[in-house]
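# Breakdown of the fold
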Amino acid sequence: MGNVHVLEHPLIQHKLTFIRNAETGTKEFRELVDEVSTLMAFEITRKLPVREVNVQTPVREAKSYVLAGKKLGLIPILRAGLGMVDGVLKLIPAAKVGHVGFYRDPETLEPIEYYVKLPSDVHERELIVIDPMLATGGSAAAAIDALKKRGAKNIKLMCLVGAPEGVEKITQEHPDVDIYLAALDEGLNEKSYIVPGMGDAGDRLFGTK
Ligand code: PRP
Ligand code: URA
């Protein structure tokens, strides 16, 4: 299916099991989302370009490598995407963070934009949009639209769990965007929740209900 990559690292899969578990409380849920986000970021950044430099070690000069290419930007979709920011920043602490706010209208399920605040050089950055859930794909597609409208060209999407419906929507509307998931689930239920999913990610992260 399209540009979707399921990150099958055993540690990601192990931690995802506890994230899914309905018995997992807010504190542990938050910690696990943070940890999985770090592990996913490690996998996603595997192919970042590097350039050769010389470094003087205490012993002699050595050839070594530093990151090259575009600077990175993280774009959490409010609110649940916030739970993944710190985990990614542990690996790429210099990334700038832009925020886009969408919620799903409970009746129409359409994403409603309520906040957009981006780094001014967003058009020059390689962006990673982050959100735990890719359900219908409405929120992520709208977030990517909002970024492209402001000049962004280089965008990846990273979610913990995706449904085939959401993957299909992003693949159709944004074929240039690679999608990274910890799991591709079976589908959506009548309320457009991911099945089996993890329930309401925002509520579980922030303890609301
Ligand atoms: C959730 C989730 C995604 C969206 C996914 O957010 O964090 O942003 O739903 O659903 P979709 O793919 O069908 O658009 P929600 O709207 O519940 O808002 P919240 O993060 O503020 O809880
Ligand atoms: N949003 C969530 O938080 N969970 C789902 O399963 C779908 C959308």
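The structure this text deals with has already been given above.
The shown structure was predicted, so the numbers you read here are calculated from the model rather than taken from an experiment. (Residues numbered from 1 in each chain as written. Chains lettered and ligands numbered in written order. Predicted model: local features only at pLDDT ≥ 70, side-chain atom pairs only at ≥ 80, totals over all residues. Heavy atoms only, no water.)

Below, the discussion takes up the overall build of the protein chain. Along the protein chain, the regular secondary structure elements total six helices and 13 strands. Dimensions of the protein chain, computed from C-alpha atoms along their principal axes, come out at roughly 65 × 40 × 30 Å. Relative to its 209 residues, the protein chain shows a buried fraction of 45%. If you take every contact in the protein chain between residues at least 6 apart in sequence, the share linking residues at least 24 apart comes to 62%. Distance between charge centres in the protein chain, computed from 26 positive and 29 negative side chains, equals 7 Å. (Helix = DSSP H or I, 4+ residues; strand = E, 2+ residues; numbered from the N terminus. Buried < 20%, exposed > 50% of the residue type's maximum accessible area, 1.4 Å probe, protein only. Contact = heavy atoms within 4.5 Å. Lys, Arg positive; Asp, Glu negative; His and termini not counted. Charge placed at Lys NZ, Arg CZ, Asp CG, Glu CD.)

Around ligand 1 lies a shell of 14 residues, among which Arg-104, Asp-131, Thr-136, Gly-137 and Ser-139 are the nearest. A distance of 2.9 Å separates an oxygen atom of ligand 1 from a polar backbone atom of Ala-135. The backbone of Gly-137 places a nitrogen or oxygen atom 2.8 Å from an oxygen atom of ligand 1. Out of a free accessible area of 500 Å², ligand 1 has 89% covered by protein chains. Those elements that provide at least two residues to the shell around ligand 1 are strand E6 (99-104), strand E9 (133-134) and helix H4 (138-149). Counted by class, the shell around ligand 1 contains six nonpolar, five polar and three charged residues. (Near = heavy atom within 4 Å. Polar contact = N/O pair within 3.5 Å; in protein donor to acceptor, adjacent residues only side chain to side chain. Areas by Shrake-Rupley, 256 points an atom, 1.4 Å probe, with all protein chains shown as cover. Nonpolar A, V, L, I, M, F, W, Y, C, P; charged D, E, K, R; others polar.)

With respect to spatial proximity, the complete set of residues near ligand 2 consists of Arg-104, Met-133, Ala-135, Ser-192, Tyr-193, Ile-194, Gly-199, Asp-200 and Ala-201. One of the backbone N or O atoms of Gly-199 is found 2.8 Å from a nitrogen atom in ligand 2. The contact in question runs from an oxygen atom of ligand 2 to an N or O atom on the backbone of Ala-201, over 2.9 Å. Coverage of ligand 2 by the protein chains reaches 87% of its 240 Å² of free accessible surface. Tallied by class, the residues present in the shell around ligand 2 amount to five nonpolar, two polar and two charged.

Take the pattern of salt bridges next. This structure, assessed with the given rule, holds 12 salt bridges. Close ionic contact of Glu-43 with Arg-46 constitutes a salt bridge, the shortest N to O distance being 3.0 Å. Using a relative accessible area of 18% as the deciding quantity, one classes Glu-43 as buried. Relative accessible area serves as the criterion here: at 54%, Arg-46 is assigned to the exposed category. (Salt bridge = Lys/Arg side-chain N within 4 Å of Asp/Glu carboxyl O.)

It is worth spelling out the pairing of strand E11 (residues 178-184) at this point. Consecutive side chains along a regular strand alternate between the two faces of the sheet. Counting buried residues along E11, five of its seven residues qualify, which places the element largely inside the surrounding structure. As paired elements, strand E10 (residues 154-162) and E11 share six bridges and run parallel to each other. Its bridge partner being in E11, Cys-159 is matched across the sheet by Leu-181. Tracing the backbone out of E10, into helix H5 (residues 164-173) and back to the parallel element E11 gives a crossover that is right-handed. (Pairing = 2+ DSSP bridges. Right-handed = clockwise from strand over helix to strand, strands pointing away.)

Another point: the nonpolar core. Of all hydrophobic cores here, the largest spans 35 residues; its most connected members are Ile-19, Met-40, Met-158, Leu-160 and Met-198. In terms of residues, this core owes the most to one element, helix H2 (residues 26-44), which gives seven residues. With sequence-adjacent residues up to four places away left out, Met-198 is seen in contact with Leu-16, Ile-19, Arg-20, Phe-29, Met-133, Leu-160, Val-161 and Arg-204. Formed by 25 residues, the second largest nonpolar core is a distinct cluster that contains Ile-77, Val-129, Leu-134 and Ile-179. (Core = buried A, V, L, I, M, F, W, Y, C linked by side-chain atoms within 4.5 Å.)

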